[in-house]
Amino acid sequence: GPVGVNSASAALNFGAPTKGTCVSQTVTVTGAVPDQPVVVSTTVVPTYSGLSASVTSANTVTVSWCNFQSGGGAGTDPDGTGATYKVYVFDVVVP
């Protein structure tokens, strides 16, 4: 069936997640509904971190950077002084 896309761009600046943890911020995406698939993109290429996103409530997407290093302690700031993040939420319609 057809697929609709709701999207938004946001200027975000994440702090450094402690090793083995995540830091998160939210982005408003009008029309987003929990359990819809999400893609997030940015130009940042971090070290030891992964970027993810999910719709956590109506119109709200939580974007997270997770530090995959073990051992606790200070982590690496994934986006330095910040970046523009593009969030796409797919409204998959099943006939």
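Up top is the structure these notes are about.
The structure reproduced in this document is the subject of the present report. Predicted model, so just to flag it, every value in this text is computed and none were measured. (Residues numbered from 1 in each chain as written. Predicted model: local features only at pLDDT ≥ 70, side-chain atom pairs only at ≥ 80, totals over all residues. Heavy atoms only, no water.)

**Things to note about the sheet that holds strand S6 (residues 83–92)**
- The three strands lie next to each other as S1-S6-S3, forming an open sheet whose pairing is antiparallel. Two strands bound the open sheet, and with one partner strand each, they are strand S1 (3–12) and strand S3 (38–41). Within the sheet, the average angular offset between the axes of one strand and its neighbour, ignoring direction, is 15°.
- Direction of pairing for S3 relative to S6: antiparallel, over a ladder of four bridges. Counted as the bridge partner of Val 39 is Tyr 88 from S6. (Pairing = 2+ DSSP bridges. Helix = DSSP H or I, 4+ residues; strand = E, 2+ residues; numbered from the N terminus. Axes fitted to C-alpha atoms, helices over the stretch in contact; angles between N-to-C directions.)

**Notes on a nonpolar patch on the surface**
- Judged by side-chain polarity, Val 3, Val 5 and Val 92 come together as a nonpolar surface patch covering roughly 250 Å² of accessible area.
- Assignment of secondary structure puts Val 3 in strand S1. (Patch = residues over 30% accessible without salt bridge, like charges linked within 9 Å, V, L, I, M, F, W, Y side chains within 5 Å. Areas by Shrake-Rupley, 256 points an atom, 1.4 Å probe, with all protein chains shown as cover. Salt bridge = Lys/Arg side-chain N within 4 Å of Asp/Glu carboxyl O.)

**Describing the side chain of Thr 62**
- Relative to the helices and strands, Thr 62 is located in strand S5 (residues 60–67).
- Separated by 2.9 Å, the side chains of Thr 62 and Thr 56 make a polar contact.
- Aside from chain neighbours lying at most four places away, what touches Thr 62 is Ser 24, Gln 25, Thr 26, Ser 52, Ala 53, Ser 54 and Thr 56. (Polar contact = N/O pair within 3.5 Å; in protein donor to acceptor, adjacent residues only side chain to side chain. Contact = heavy atoms within 4.5 Å.)

**Digging into the packing of aromatic side chains**
- In this structure the tally under the stated criterion is one aromatic pair.
- For the pair Phe 14 and Tyr 85, a centre-to-centre distance of 5.5 Å together with 70° between the ring planes defines the contact as edge-to-face. Of the two residues, Phe 14 sits in the loop between S1 and strand S2 (22–28) while Tyr 85 sits in strand S6, which places them 71 residues apart along the sequence. Considered together, Phe 14 and Tyr 85 belong to a single accessibility category, that of buried residues. (Phe/Tyr/Trp six-rings, centres within 6.5 Å; stacked < 30°, edge-to-face > 60°. Buried < 20%, exposed > 50% of the residue type's maximum accessible area, 1.4 Å probe, protein only.)

**Side note on unusual backbone geometry**
- Here the phi dihedral of Asp 35 falls at roughly 80°; this positive angle occurs in a residue that is not glycine.
- Given the relative accessible area of 78%, Asp 35 is considered exposed.
- Residue Asn 59 is not a glycine yet carries a positive backbone phi of 70°.
- Inspection of the secondary structure puts Asn 59 in the loop between strand S4 (49–57) and S5.

**Quick look at the environment of Ser 70**
- Relative to the helices and strands, Ser 70 resides in the loop between S5 and S6.
- Residue classification places Ser 70 among the exposed positions, given a relative accessible area of 69%.
- Through-space distance from the C-alpha of Ser 70 to that of Thr 21 is 9.1 Å; in sequence the pair is 49 residues apart.

**With respect to the nonpolar core**
- Core analysis: the biggest nonpolar cluster contains 18 residues, and Val 27, Val 29, Val 61, Val 63, Tyr 85, Val 87 and Val 89 have the highest contact counts within it.
- Counting only elements with at least two residues in this core, the list comes to S1, S3, S5 and S6.
- By residue number, the principal contributor to this core is S6, which donates four residues.
- Once residues within four sequence positions are removed from consideration, Val 29 is found in contact with Asn 6, Ser 7, Ala 8, Asn 59, Val 61, Val 87 and Val 89. (Core = buried A, V, L, I, M, F, W, Y, C linked by side-chain atoms within 4.5 Å.)

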